[in-house]
Structure formats: C-alpha cells, structure tokens
Amino acid sequence: MNSCIAPSVLAADLARLSEQVEQVVRGGADWIHVDVMDGHFTPTITFGSPLIRALRRITDLPLDVHLMVEQPERYIEEFAAAGAGIFTLHPEATIHLQRHLAAIRNRGMLAGVAMNPGTPLGLLEEVVDDVDLVLVMTVNPGYGGQGYLPASTDKIRRIRALLDARGSRARLEVDGGITRATIRTAWEAGADTFVAGTAVFGAQDPAQAVRELKTECTSEA
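Residues numbered from 1 in each chain as written. Predicted model: local features only at pLDDT ≥ 70, side-chain atom pairs only at ≥ 80, totals over all residues. Heavy atoms only, no water.

Chemist: How would you summarise the overall build of the protein chain if you had to cite specific residues and measurements?
Modeler: The number of helices and strands found in the protein chain is nine helices and eight strands. Here the C-alpha atoms of the protein chain give a radius of gyration of 16 Å, agreeing with the 17 Å that 2.2 N^0.38 yields for 221 residues. Projected onto its principal axes, the C-alpha positions of the protein chain cover 45 × 40 × 30 Å. Considering the protein chain as a whole, with its 221 residues, one finds that 56% of them fall into the buried category. Sequence-distant contacts, at least 24 apart, represent 66% of the contacts inside the protein chain between residues at least 6 apart. When the accessible area of the protein chain is evaluated, it comes to approximately 9,400 Å², of which 48% is carbon and sulfur surface. The centroid of the 20 positive side-chain charges in the protein chain is displaced by 2 Å from the centroid of its 28 negative side-chain charges. (Helix = DSSP H or I, 4+ residues; strand = E, 2+ residues; numbered from the N terminus. Rg over C-alpha atoms; globule rule 2.2 N^0.38 Å. Buried < 20%, exposed > 50% of the residue type's maximum accessible area, 1.4 Å probe, protein only. Contact = heavy atoms within 4.5 Å. Areas by Shrake-Rupley, 256 points an atom, 1.4 Å probe, with all protein chains shown as cover. Lys, Arg positive; Asp, Glu negative; His and termini not counted. Charge placed at Lys NZ, Arg CZ, Asp CG, Glu CD.)

Rendered as structure tokens:
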C-alpha cells in the first residue's frame, strides 16, 4: 500500500488557507486532515463543517476529518454533506460504535476509529471488519506541536499485525509528532498514512516539507 501524507490544517495559517493548501497539493499531499475538537473530549475547540465546506471549494483531495468530540455520530450527516471523505471517531466518545461506523459508510465516507495512547486494542478488535482506517494517536489529543510518544511504535506494530491477521485493507494512520525524524519509525512499524501539521505548515516551504516526508516512507530512504 502506498504511503499517504495528510497535512493537518490545525497548523495552517487560516488567513492564507487557500494558498497553503495549494502549496501542500503541489508538494504531493494525498489528503487534507481536519481536526475537529469540541472543548469537552479535548481541552480545546477548533473547527466544524464551515471549514470543511471551505476546503471542499479549495481542493479536490479527500478531506480526512478526525472528530475529537463527544457523541460524534451527531455530525455524520452534516459532515458528509459538507464534503468530508473520511470520518474518524473515538470509541470512548460514543456508544453503539459499530452502528455509527455503518452509518458513516452508508453516507459514502470511509469509516475510521481513533486509538488514543491509553485506548486498549480490544475496542478495535470487535469492529475491525467495519473500519476503513485506524488512526493511532501518537500523542494525547488536544494540542498541535506535541512530541511523538515512543511507546506508540509498539502499538502501531500490534495494530498492523491485527489488521493483517484479519485480512483487513484498512489504512493505518498515525497522528502526533510526525516529522522527518519520526515518520520512518512509524512507517517501518506498519503505518501507511501520516498526519503532519507543524512539520508541514510550520516549514518555510510546505510543499518541500511534504516531499521530504514522502522520501522517508520508501525502502530506499
């Protein structure tokens, strides 16, 4: 499976959003990642469907929406209508997880499950056949610019083994502290999709930053 880079607009300059999205597209970005936080599941508040609609007008790339909110199922219809392509939720934030994953797929989006550093794999094992993406949080969610937690690498390996054992084609995404110094570690552990915010939009040349991240996800690196 080819590697996928999903720059996170959490770190973008919103006053220059169109320009910055164009830069990462030029650099070869595959998805655009949108972090949605509600101030309850996480300590901060970020974006909602208006930003998704704005991004949909700017780019044709898939919009990878990560909901760090309580009762994320309330937003399935709204975000699908706004143009989200991937809808990822946290199992701790909802009940009837399998039902909501099915509803996400029924609205034409890819269904994702996010695993915090403290989330046990057992919560994923029961729904692994219902997901198109597993997002491993390599930091505790809530703030951009955090450092990669080393214990995350083993978790990535264990989830990759689970997906392979079940014959799953779900993408294995990582988010948190992804830089040129950490992305290869996550890639070698089995991840194939990488969210990077500060490492991309905080760079002098976001397009080149995307290219450099991609070079780390090959056997020749």
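Chemist: Could you give me a rundown of the sheet that holds strand 6 (residues 133-137), with the residues and numbers involved?
Modeler: An order of 1-8-7-6-5-4-3-2 is seen for the eight strands of this open sheet, with the pairing classed as parallel. Two strands bound the open sheet, and with one partner strand each, they are strand 1 (4-7) and strand 2 (32-37). Across the sheet, the axes of successive neighbouring strands diverge by a mean angle of 25 degrees, strand direction being ignored. Inspection of the sheet shows strand 5 (residues 110-115) paired to strand 6 by four bridges, in the parallel sense. (Pairing = 2+ DSSP bridges. Axes fitted to C-alpha atoms, helices over the stretch in contact; angles between N-to-C directions.)

Chemist: Go over the side chain of T59 with me, naming the residues and quoting the values.
Modeler: Note that T59 resides in the loop between helix 2 (49-58) and strand 3 (63-68). Given a relative accessible area of 7%, T59 falls into the buried group. With sequence-adjacent residues up to four places away left out, T59 is seen in contact with V21, V25 and I32.

Chemist: Explain the pattern of salt bridges residue by residue, including any values.
Modeler: Scanning the model with the defined rule gives 13 salt bridges in all. Across the salt bridge formed by D30 and K214, the nearest N and O atoms sit 2.8 Å from each other. With D30 in the loop between helix 1 (17-26) and strand 2 and K214 in helix 9 (residues 206-215), the pair connects residues that are 184 residues apart, well separated along the chain. When its relative accessible area of 25% is taken as the criterion, D30 is described as partly exposed. In this structure, D132 and R105 form a salt bridge, with 3.0 Å as the shortest nitrogen-oxygen distance. Of this pair, D132 sits in the loop between helix 5 (122-125) and strand 6 while R105 sits in helix 4 (residues 97-106), and the two are 27 residues apart along the sequence. Exposure remark for R105: the relative accessible area of 33% places this residue in the partly exposed category. Connected through salt bridges with shared partners, the residues R160, D164, R171 and D192 form a single ionic network. (Salt bridge = Lys/Arg side-chain N within 4 Å of Asp/Glu carboxyl O.)

Chemist: Quick one: what's the story with the nonpolar core, residue by residue and with numbers?
Modeler: Within the largest apolar cluster, 60 residues are counted, with the highest numbers of intra-cluster contacts made by V9, L55, L101, I156, I159 and F194. In contact with I156, not counting residues within four places along its chain, are V136, T138, Y148, L172, V174, A186, A189, G190 and A191. C4, I86, A114 and M137 belong to the second largest nonpolar core, which has ten residues in total. (Core = buried A, V, L, I, M, F, W, Y, C linked by side-chain atoms within 4.5 Å.)

Chemist: Give a detailed account of the packing of aromatic side chains, specifying residues and quantitative values.
Modeler: If you walk through the whole model with that rule in mind, you get two aromatic pairs. Both rings, one in Y75 and one in F79, keep their centres 5.6 Å apart while their planes meet at 35 degrees; by these two values the pair is tilted. Taken together, the aromatic side chains of Y75, F79 and F87 make up a single cluster linked through ring pairs. (Phe/Tyr/Trp six-rings, centres within 6.5 Å; stacked < 30°, edge-to-face > 60°.)

Chemist: Go over helix 1 with me, naming the residues and quoting the values.
Modeler: Of the residues making up helix 1, those classed as buried are L17, Q20, V21, Q23 and V24. Seen end-on, helix 1 carries its buried residues on one side only, within an arc spanning 155 degrees. The inward-facing, buried residues of helix 1 contact strand 1, strand 2, helix 2, helix 8 (198-201) and helix 9. Of the residues trailing helix 1, G28 is marked for its positive phi of about 105 degrees. (Arc of directions from axis to C-beta.)

Chemist: Before we move on, can you summarise the packing of helix 1 against helix 9 with the specific residues and values?
Modeler: The interhelical angle for the contact between helix 1 and helix 9, taken along N-to-C directions, is 35 degrees, at an axis separation of 7 Å. Where helix 1 crosses over helix 9, the handedness of that crossing is right-handed. Residue-level contacts link Q23, V24 and R26 of helix 1 to P206, A207, V210 and R211 of helix 9. Among the residues making up the contact of helix 1 with helix 9, the classes are represented as four nonpolar, one polar and two charged. (Left-handed = near helix turned anticlockwise from the far one by under 90°. Nonpolar A, V, L, I, M, F, W, Y, C, P; charged D, E, K, R; others polar.)

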